[in-house]
Amino acid sequence: MATIYQVSELAGVSLATVSRVMNNNARVSENTRNKVLAAMEQLGYRPNSIAQSLASNRSNSVGILVSELHGPFYGEMLSGIENECRAAGKHVIIAAGHSEEASEKDGIEFLISRSCDALILHVEAVSDDYLIKLANGNMPIVLINRFIPQLADNCISLDNELGGYLATKQLLQQGHTQLAYMAGPMWKSDAKDRYHGHLRAMTEHGLSFDPALLAEGDFQDSSGSACMQQLLAKSIPFTALVCANDEMAAGAMEVARTHGLNVPQDLSIVGFDNLILARYIYPKLTTIDYPIGEMGRMAARWVLKNIYQQQALQLKNVFEPVLVCRDSASAIAAG
């Protein structure tokens, strides 16, 4: 196996110059850089990442902790982060926290042990106090879909309350007054905020919401099916359903069809997330756009700017949801 000494000798430069080339130091001329790279290629030399880390005090790796690894939501988030990091010559290490406090803490400790330069966290179970203490330590962190006032500059968040408000407002403007609501797990801040937005829209239109028409799921399509069964079993009429995410909306639509309900003629449905499935299920789903891919890219840019000193990057901390009108919601039929 070729060594850095052989690269130095073949290129006719010092060991320090070879090290600067490997660490992308701007103080190396293009001609010298090309000579070193040519020597490395000729010898088949592969830089030792541990040696690089010691020389630069950086591992050039970013740790990512997400709730789950399956599903289009997390796939889009991870893709956004990885693409942005890879384009900057950084690599990612990924762990899952499964929305459990112990698992999230274990995942964070694992990523710290891998000498990551920073952590991007999509966490739900650990406390604000835990994250504040972590942020005040030696490991830089940025949070996705979580807002903590004391860490506002480290948060990339969505206005979930506004999203819930916009979803319900659309149905109310279409003449619906009998609305059911399918929530995510209410212990999660995003699910709770979306429900509060729903209630705000109802109040604004002079309507009270019947708690019997609230069903709580877990953001999975299977819980959307189960919640829809629960709502229909109560025999309380409703002409529209607001779902806290698209996957539950898809499950609800399937159950509605099995009960002979046509969407949107008999029942209008609005989702939340604007996942790719929203464009391909039938009818196409009216939903709230959650730009999770762009938020993932923004979290990566936060790391690139604050840790790797790419100062020209522009950051955006708070994203606003947007209503996307398709075919699953329509004006209530006259009569």
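Our subject is the structure listed above.
Residues numbered from 1 in each chain as written. Predicted model: local features only at pLDDT ≥ 70, side-chain atom pairs only at ≥ 80, totals over all residues. Heavy atoms only, no water.

### What about the layout of surface pockets?
Right, so step 1: The calculated volume of the second largest pocket comes to roughly 330 Å³.
Right, so step 2: As for the second largest pocket, its lining consists of 22 residues, and the residues nearest its centre are Tyr 74, Lys 188, Asp 218, Phe 219 and Gln 220.
Right, so step 3: Mapped onto the lining of the second largest pocket, the elements with two or more residues apiece are α5 (72-87) and α9 (189-204). (1 Å grid on protein atoms, 1.4 Å probe; cavity = no way out; pocket = protein on both sides within 12 Å on 5 of 7 lines; lining within 4 Å. Points joined across faces, edges and corners; volume = space filled by probe spheres on them. Helix = DSSP H or I, 4+ residues; strand = E, 2+ residues; numbered from the N terminus.)

### A look at unusual backbone geometry
Right, so step 1: In this structure, the amide linkage connecting Val 263 to the following residue, Pro 264, adopts the cis form with an omega of 10°.
Right, so step 2: Residue placement: Pro 264 occurs in the loop between α11 (246-258) and β9 (268-270).
Right, so step 3: Here Ser 115, not a glycine, exhibits a phi torsion of approximately 60°, which is positive.
Right, so step 4: Inspection of the secondary structure assignment puts Ser 115 in the loop between α6 (101-113) and β3 (118-121).
Right, so step 5: Positioned with a positive phi, Asn 145 is a non-glycine residue whose angle comes to about 60°.
Right, so step 6: As for its position among the elements, Asn 145 is in the loop between β4 (141-144) and β5 (155-158).

### Here's the deal with the sheet that holds strand β6 (residues 179-183)
Right, so step 1: Taken together, the 4 strands give an open sheet; going across it, the order is β7-β6-β8-β9, and neighbouring strands pair in parallel fashion. In the strand order of this sheet, the two ends are held by β7 (214-216) and β9, each with one partner. For this sheet, the mean angle separating the axes of adjacent strands, direction not counted, is 15°.
Right, so step 2: Inspection of the sheet shows β6 paired to β7 by 3 bridges, in the parallel sense. Bridge pairing in β7 places Tyr 181 opposite Leu 214.
Right, so step 3: Helix α8 (residues 160-173) contacts β6, β8 (240-243) and β9 of the sheet and is inclined by roughly 170° relative to β8. (Pairing = 2+ DSSP bridges. Axes fitted to C-alpha atoms, helices over the stretch in contact; angles between N-to-C directions. Contact = heavy atoms within 4.5 Å.)

### Details of the environment of Asn 31
Right, so step 1: Among the structural elements, Asn 31 can be located in helix α3 (residues 30-43).
Right, so step 2: Taking the C-alpha atoms as reference, Asn 31 lies 53 Å from Leu 323; in sequence the two are 292 residues apart.

### Thoughts on helix α1 (residues 4-11)
Right, so step 1: Within α1, burial applies to Val 7, Ser 8 and Ala 11. For α1, the angular spread of the buried residues around the axis is 100°, confining them to a single face. With respect to the buried face of α1, the exposed residues turned more than 90 degrees away are Tyr 5 and Glu 9.
Right, so step 2: Considering only its buried residues, α1 is in contact with α2 (15-22) and α3.
Right, so step 3: Trailing α1 by a residue or two, Gly 12 shows a phi angle of about 70°, which is positive. (Buried < 20%, exposed > 50% of the residue type's maximum accessible area, 1.4 Å probe, protein only. Arc of directions from axis to C-beta.)

### Overview of the pairing of β4
Right, so step 1: Burial along β4 is two-sided: the residues Ile 141 and Leu 143 and Val 142 and Ile 144 are all buried.
Right, so step 2: Here 3 bridges tie β3 to β4, and the two strands are oriented parallel to one another. Residue pairing for β4: Leu 121 is matched across the bridge by Leu 143.
Right, so step 3: Handedness of the crossover is the feature at issue here: the chain leaves β3, passes through helix α7 (residues 128-135), returns alongside β4, and the resulting connection is right-handed.
Right, so step 4: Bridge count for β4 against β5 is 2 bridges, and the pairing is parallel. By the bridge assignment for β5, Ile 144 is matched with Ile 156. (Right-handed = clockwise from strand over helix to strand, strands pointing away.)

### Topic: the packing of α8 against α9
Right, so step 1: For the pair α8 and α9, interaxial distance at closest approach is 6 Å and the crossing angle is 40°. With respect to each other, α8 and α9 are oriented oblique. In this structure, the crossing between α8 and α9 has a hand that is right-handed. Taken together, the residues of α9 that come into contact with α8 (itself represented by Asn 160, Glu 161, Leu 162, Gly 164, Tyr 165, Thr 168, Lys 169 and Leu 172) are Asp 190, Asp 193, Arg 194, His 196, Gly 197, His 198, Arg 200, Ala 201, Met 202 and Glu 204.
Right, so step 2: Looking at the contact of α8 with α9, its residues break down into 5 nonpolar, 6 polar and 7 charged. (Parallel < 35°, antiparallel > 145°, perpendicular 65-115°, else oblique. Left-handed = near helix turned anticlockwise from the far one by under 90°. Nonpolar A, V, L, I, M, F, W, Y, C, P; charged D, E, K, R; others polar.)

### Section: α5
Right, so step 1: Spanning 16 residues, α5 covers 22 Å between terminal C-alpha atoms, matching the ideal 22 Å at 1.5 Å per step.
Right, so step 2: Taken as a whole, α5 has its buried residues at Phe 73, Tyr 74, Met 77, Leu 78, Gly 80, Ile 81, Glu 84 and Cys 85. Seen end-on, α5 carries its buried residues on one side only, within an arc spanning 155°.
Right, so step 3: Along its buried surface, α5 packs onto β1 (61-66), β2 (91-96), β3, β4 and α12 (292-306).
Right, so step 4: Just past α5, the residue Gly 89 takes up positive phi, approximately 80°. (Expected span 1.5 Å × (residues − 1).)

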